[in-house]
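Coordinate inspection notes
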Amino acid sequence: MGTDTVRTDEADEAADRRREQRGWYFYDWACSVYSTSVLTVFLGPYLTEVAKSAADPDGYVHPLGIPVRAGSFFAYSVSLSVIVAVVIMPLVGAAADRTGRKKPLLGAAAYLGATATAGMFFLDGDRYLLGGVLLVVANAAQSVAMMLYNSYLPQIAAPEERDAVSSRGWAFGYASGSLVLVANLILFTSHDSFGLSEGMAVRICLASAGLWWGAFALIPLRRLRDRRKPSADTGEATAPGLRQLAATVRDMRRHPLTLAFLLAYLIYNDGIQTVISQASVYGSEELDLGQSTLIVAVLLVQVLAVCGALGMGRLARRYGAKRTILGSLVAWTLILSAGYFLPAGAPVWFFVLASGIGLVLGGSQALSRSLFSQLVPPGKEAEYFSAYEMSDRGMSWLGPLLFGLTYQLTGSYRDAIISLVLFFVLGFALLARVPVRRAIGDAGNPVPERI
């Protein structure tokens, strides 16, 4: 009788865990449209045009009295949002771990970001300053929410299932981004037939992303649950953001292998993020491809990233997450090498390159997240994932710098794109040296059979 009761309890626990996992996937489904439609496709060009309409005869706008080139306003706004996120994330992460109130914080960040994104509907005329404020709020809120969302992974998935769960989450996100991007592109390219101006079509696309984010965020907020996991310093007050970041880094020094993985991830993820952000520049400036070709390539990456995330999740079950990530870094190196030799004016070959990027993109990110979740000490999930999220979003500046410097010195975007191979080679070397089984054990977590 006792054995039957134990089995029933285990079955109930597994069913509850699967229910939470399904709810968790839907946050990626909810928020990925912001990254795809807003940040990657529509907001940059549109906000730049709004800033130019407000510029003085010399091409400058003056937020808070500071002269800024209108063409740089979007980039500076993104940079400011990163700074805000870097200050806030450690503070929120430590508070989530100490209080066990992770879900209300996730909800607050998600709906702050969704509201700011929906508010972009009012971005017209010369309201560039409104656009900058909304971008800073939405982007910082998205970073904080993703940090909290990621920190749920070690709580809702057993060690042996985290690769698959993380991969499904990424797949949900890419599927959502693809679906909404298709709808937005139909509205944007056919705005005349809908009786809309181009500006109004863009504003609807921006606002719809916020509404989508807010609507589907209800599902994870209903299914995820808070867990009280007090750490040794539960009674201490949460330090201000930058001091809390320093405290987190000091704590991570007690787990040097976790820190070693984070360093490797910072390096190769910098390369990944730079490829994503600079591929369209390479396509337009070096390969002479039109805007429609580049948008189709973005959509192709999104669609194939779903297959790539799920496929690499299966490979990880067979070969382990570390080996699969290392294999993906080799693939990234081959893709960049092939990109160096792409002929100009040949969209088909650019689509082939985009296909390769899509197939390795989702899996690289999903498995890195699941592997890091194994290296986090229990009770420190949100705090450690704040450092991980900053590696993902806040510190990816070396790649663009190398890309820009290489182009400045050589005048060739081909040389600039091939220079990014350095990040994947160095990331491979650093990750290969991390003994992940020992790292998991040192963090106080059970070591899965295959890792």
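Before reading further, recall that the structure is shown in the block above.
Here's what I pulled together on the structure shown here. (Residues numbered from 1 in each chain as written. Predicted model: local features only at pLDDT ≥ 70, side-chain atom pairs only at ≥ 80, totals over all residues. Heavy atoms only, no water.)

The helix and strand tally for the protein chain stands at 18 helices and 2 strands. Here the C-alpha radius of gyration of the protein chain, 22 Å, is about what a compact globule of 451 residues would show, namely 22 Å. Each of the three principal axes of the protein chain carries a C-alpha extent, and together these read 80 × 45 × 45 Å. Looking at the protein chain residue by residue over its 451 residues, the buried ones come to 54%. A sequence separation of at least 24 residues applies to 82% of the contacts in the protein chain between residues at least 6 apart. (Helix = DSSP H or I, 4+ residues; strand = E, 2+ residues; numbered from the N terminus. Rg over C-alpha atoms; globule rule 2.2 N^0.38 Å. Buried < 20%, exposed > 50% of the residue type's maximum accessible area, 1.4 Å probe, protein only. Contact = heavy atoms within 4.5 Å.)

On to the packing of helix H3 (residues 102-118) against helix H4 (residues 128-151), then. In the contact formed by H3 and H4, the axes pass within 8 Å of each other and the chain directions differ by 150 degrees. As summarised for this structure, H3 and H4 are arranged roughly antiparallel, according to the angle between their axes. Pair H3 / H4 crosses with left-handed handedness. Every residue of H4 that contacts H3 at Lys102, Leu105, Leu106, Ala109, Ala110, Leu112, Gly113, Ala116 and Thr117 is listed here: Leu134, Val137, Ala138, Ala141, Val144, Ala145, Leu148, Tyr149 and Ser151. Tallied by class, residues from the contact of H3 with H4 come to 14 nonpolar, 3 polar and 1 charged. (Axes fitted to C-alpha atoms, helices over the stretch in contact; angles between N-to-C directions. Parallel < 35°, antiparallel > 145°, perpendicular 65-115°, else oblique. Left-handed = near helix turned anticlockwise from the far one by under 90°. Nonpolar A, V, L, I, M, F, W, Y, C, P; charged D, E, K, R; others polar.)

Once that is clear, we can look at helix H17 (residues 421-432). Note on helix geometry: an α-helix contains 3.6 residues per turn, so any two residues three or four positions apart are oriented the same way. Relative to the 16 Å expected for 12 residues at 1.5 Å per residue, H17 spans 17 Å between its end C-alpha atoms, a close match to the ideal helical length. Tucked inside the fold, the buried residues of H17 contact helix H10 (256-286), helix H12 (321-340), helix H15 (398-410) and helix H16 (413-419). (Expected span 1.5 Å × (residues − 1).)

In terms of nonpolar packing, the biggest core is built from 129 residues, with Trp24, Tyr27, Leu43, Leu106, Phe261, Tyr268 and Trp332 touching the most fellow members. At 16 residues, helix H1 (residues 2-53) tops the list of elements feeding residues into this core. If we ignore the near neighbours within four places in the chain, the residues touching Leu43 are Ser37, Val38, Thr48, Phe74, Met120, Leu123, Leu135 and Leu206. (Core = buried A, V, L, I, M, F, W, Y, C linked by side-chain atoms within 4.5 Å.)

This brings us to the pattern of salt bridges. This structure, assessed with the given rule, holds 7 salt bridges. Linking Asp28 and Arg369 is a salt bridge whose minimum nitrogen-to-oxygen distance equals 4.0 Å. Pair noted here: Asp28 is in helix H1 and Arg369 is in helix H13 (residues 347-374), with a separation of 341 residues, a long-range link. Each member of the pair Asp28 and Arg369 is classed as buried. Taking the shortest distance from any N to any O, the salt bridge between Glu286 and Arg414 comes out at 3.3 Å. Note that Glu286 is positioned in helix H10 and Arg414 in helix H16, a separation of 128 residues in sequence. (Salt bridge = Lys/Arg side-chain N within 4 Å of Asp/Glu carboxyl O.)

This part takes up a nonpolar patch on the surface. Where nonpolar side chains cluster on the molecular surface, the patch consists of Leu80, Ile83, Val87 and Ile88 and spans about 310 Å² of accessible area. Looking at the secondary structure, you find Leu80 in helix H2 (residues 73-99). (Patch = residues over 30% accessible without salt bridge, like charges linked within 9 Å, V, L, I, M, F, W, Y side chains within 5 Å. Areas by Shrake-Rupley, 256 points an atom, 1.4 Å probe, with all protein chains shown as cover.)

On to the packing of aromatic side chains. The tally for this structure, following the rule as stated, stands at 26 aromatic pairs. On the basis of an interplanar angle of 35 degrees and a centroid distance of 6.0 Å, the ring pair of Phe403 and Tyr413 is categorised as tilted. Pair noted here: Phe403 is in helix H15 and Tyr413 is in helix H16, with a separation of 10 residues, a long-range link. In this pair, the class of Phe403 matches that of Tyr413, namely buried. Taken together, the ring pairs in this structure connect Trp24, Tyr25, Phe26, Tyr27, Trp29, Tyr149, Phe172, Trp212 and Phe216 into an aromatic cluster. Its guanidinium or amino end placed over the ring of Tyr152, Lys102 lies 4.8 Å from that ring's centre, counting from NZ or CZ. Over the ring of Phe121 we find Arg203; its NZ or CZ atom is 4.7 Å from the centre of that ring. (Phe/Tyr/Trp six-rings, centres within 6.5 Å; stacked < 30°, edge-to-face > 60°. Lys NZ or Arg CZ within 6 Å of the ring centre and 35° of its normal.)

Quick look at the packing of H3 against helix H7 (residues 198-216) now. In contact at an axis separation of 7 Å, H3 and H7 are set at 155 degrees when each is read in the N-to-C sense. Considering their axes alone, H3 and H7 lie roughly antiparallel with respect to each other. By crossing handedness, the relation of H3 to H7 is classed as left-handed. For the pair formed by H3 and H7, the contact residues are Ala110, Tyr111, Gly113, Ala114, Thr117 and Ala118 on the first element and Leu206, Ala207, Ala209, Gly210, Leu211, Trp213 and Gly214 on the second. Taken together, the residues that form the contact of H3 with H7 break down as 9 nonpolar, 4 polar and no charged.

Right, let's get into the environment of Thr115. Mapped onto the fold, Thr115 is located in helix H3. Note: C-alpha distance between Thr115 and Tyr388 (273 residues apart in sequence) is 25 Å.

Secondary-structure assignment places Leu422 in helix H17. The exposure class of Leu422 is exposed, given its relative accessible area of 52%. Residues Leu422 and Gly399, spaced 23 residues apart in sequence, show a C-alpha to C-alpha distance of 9.5 Å.

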